[in-house]
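Each chain, letter by letter, is given below.
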Amino acid sequence: MAGKSKWLEMQVLNHTLRGTVYTPPTSLYIALFTTDPTDAGTGTEVSGAGYARQLITFSAASTSGVTTSSNAADIFYPVATAAWGTVTHFGIFDAATAGHLLYSGQITPNQPVVASNQLKIDAGTLIITED
């Protein structure tokens, strides 16, 4: 289960309750972390060794008890040119670098990435939930 960032919570509340315009991003990127980014975005993102955030698209939201959306396609990261460490969490950002954290969550099971590995996230397995 993924959690909404403090930044996104503020945008949604101000948009819904105060009429402040929130413009959603045109592209979303998934980042990998070796520590929990928390809803403040303070974790340790993977860097170097061929790593780059990847574009992600989501399926239309559906409701079956809770409202969810999941990644619409497989996500392939570049082949690691050196160890990335153990990937424990993900973050959804509004930019390929820097930007705002929108959602974050745990990757289960954790994924150790060594040189020559390529991390893949299967379609439909990264699920964002609103309740």
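Structure first, text after, so check above.
Let me sum up the structure you'll find in this document. (Residues numbered from 1 in each chain as written. Predicted model: local features only at pLDDT ≥ 70, side-chain atom pairs only at ≥ 80, totals over all residues. Heavy atoms only, no water.)

Okay, the sheet that holds strand E3 (residues 54–56) next. Strand pairing within a sheet occurs via backbone hydrogen bonds; the two strands may be parallel or antiparallel. The antiparallel open sheet is built from five strands, whose spatial order is E1-E8-E7-E2-E3. At either end of the open sheet lies a strand with only one pairing partner, and these are strand E1 (2–4) and E3. Here the average twist between neighbouring strands, direction ignored, is 30 degrees. Bridge count between strand E2 (residues 28–33) and strand E7 (residues 85–93): five bridges; the pairing is antiparallel. Counted as the bridge partner of Ile 30 is Ile 92 from E7. (Pairing = 2+ DSSP bridges. Helix = DSSP H or I, 4+ residues; strand = E, 2+ residues; numbered from the N terminus. Axes fitted to C-alpha atoms, helices over the stretch in contact; angles between N-to-C directions.)

The next point concerns helix H1 (residues 6–18). For H1, spanning 13 residues, the distance from its first C-alpha to its last is 17 Å, which sits close to the expected 18 Å at 1.5 Å a residue. With its phi angle positive at about 75 degrees, Gly 19 sits one or two positions after the end of H1. (Expected span 1.5 Å × (residues − 1).)

The omega torsion of the bond from Thr 108 to Pro 109 falls at -5 degrees, within 30 degrees of zero and hence cis. Position of Pro 109 among the secondary structure elements: in strand E8 (residues 101–113). Residue Thr 38 is not a glycine yet carries a positive backbone phi of 55 degrees. Along the chain, the position of Thr 38 falls in the loop between E2 and E3. Residue classification places Thr 38 among the partly exposed positions, given a relative accessible area of 30%. Unusually for a residue other than glycine, Ser 116 sits at a positive phi of about 80 degrees. Along the chain, Ser 116 falls in the loop between E8 and strand E9 (120–121). (Buried < 20%, exposed > 50% of the residue type's maximum accessible area, 1.4 Å probe, protein only.)

Time to look at the pattern of salt bridges. Counted by the stated rule, this structure contains six salt bridges. We note a salt bridge from Asp 74 to Lys 120, for which the minimum N-O separation is 3.6 Å. Of this pair, Asp 74 sits in the loop between strand E5 (66–70) and strand E6 (75–76) while Lys 120 sits in strand E9; the two residues are 46 residues apart in sequence, bridging distant segments of the chain. Overall, Asp 74 belongs to the partly exposed group, its relative accessible area being 36%. (Salt bridge = Lys/Arg side-chain N within 4 Å of Asp/Glu carboxyl O.)

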